[in-house]
Amino acid sequence: MAEITAGMVKELREKTDAPMMECKKALTEAAGDMAKAEEILRVKLGSKATKAAARVAAEGVVSTFISADGKLASIVEINSETDFVAKNDDFLKLARDCAELVASKAPADVAALSALPLGDGTVDSVRTALVGKIGENMSIRRFVRVEAKGKVAQYIHGGSKIGVLIDVEGGDEALAKDLAMHIAANKPKSLDASGVSADLIETERRVAIEKAKEAGKPEAMLEKIAEGTVQKFLKDVTLYGQVFVKAEDGKQTVEQLLKAKGATVHSFTLFIVGEGIEKKTTDFAAEVAAQAAAAAAQR
């Protein structure tokens, strides 16, 4: 049997916001598998167990570039240690320069972007000099380059913390901007169900079945309940399935809006600064309390 340490319990609690003892029970049931334990808590405690998925701690900015004809665009995320540096003019200029270089030079990856000429040196030498000048680490995390089938629109929100590029064919500029704002607000994972990973769908199905079992639902109803849950999930996480954020009737989906406007979305990119990154923090008091709780539970 895998040893369940206080550190493991603390990590799962921080991820899920579930009670300490529930975290310990879930880890024990999952034989120490963190992902499985999180899934067990979702079954028992519902969506509260995914609270940490929305928490991000890394600072930085998202920067975009769009050509005059709207046919070529790019979006770049550059991280810093603090929000103070993320507002520095030199840091912001580096982000803008990187976005323009991505569009014009089409580098294959971050390493290739870092090697491109910039100023009197390269992107990386400019970054390194800026690190030395400010005294804080910073890094180019990711980028996307778009060659549009229609025209690209953008939306930047929250002091460059959220950035959206969307390739729209048909409609007008107002529609494209509204859709970009919708994406920033509702954060879809893909255009439609075909873009949602099979693993993610299977997890939702499995959780739905386990929750139905815990609620005492008949075995014959489990698959039907799971399918309904999966379909609702897909509407929630796909752009076409979501209710348009500015729908006057509160019911019109993005797909219905596009049909009414004779428009098509070919692709979109959503960057949220620090998404998927969590700074490691040390809370000694919390760690001691977690160890004490775990020790008491084992007596």
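All of the points below concern the structure found in this document. (Residues numbered from 1 in each chain as written. Predicted model: local features only at pLDDT ≥ 70, side-chain atom pairs only at ≥ 80, totals over all residues. Heavy atoms only, no water.)

### Some thoughts on the pattern of salt bridges
Inspection of every chain in the model, using the stated rule, returns 17 salt bridges. The partner of Lys-36 in a salt bridge is Glu-39, and the shortest N-O contact between them spans 3.9 Å. Taken together, the positions of Lys-36 and Glu-39, both in helix H3 (residues 34-45) and three residues apart, correspond to about one turn of that helix. Relative accessible area serves as the criterion here: at 13%, Glu-39 is assigned to the buried category. Between Lys-161 and Asp-83 there is a salt bridge, and its shortest N-O distance comes to 2.8 Å. Taken together, the residues Lys-161 in the loop between strand E6 (151-157) and strand E7 (162-169) and Asp-83 in helix H4 (residues 83-86) connect sequence positions 78 residues apart. A single salt-bridge network, built from bridges that share partners, covers Glu-59, Asp-83, Lys-87 and Lys-161. (Salt bridge = Lys/Arg side-chain N within 4 Å of Asp/Glu carboxyl O. Helix = DSSP H or I, 4+ residues; strand = E, 2+ residues; numbered from the N terminus. Buried < 20%, exposed > 50% of the residue type's maximum accessible area, 1.4 Å probe, protein only.)

### Points about the side chain of Thr-64
Topologically, Thr-64 is positioned in strand E1 (residues 59-66). Not counting residues up to four positions away in its chain, the partners in contact with Thr-64 are Ser-74, Ile-75, Ala-99, Gln-154, Ile-156 and Leu-165. (Contact = heavy atoms within 4.5 Å.)

### Some remarks on the pairing of strand E2 (residues 72-80)
Burial analysis of E2 places eight of its nine residues in the buried class, the great majority of the element. Examined bridge by bridge, E1 and E2 share eight bridges and lie antiparallel to one another. Bridge pairing links Val-61 to Ile-78 in E2. Judged from the nine bridges that link them, E2 and strand E5 (residues 138-147) form a sheet pairing that is antiparallel. Following the sheet pairing, Ser-74 is matched in E5 by Arg-145. (Pairing = 2+ DSSP bridges.)

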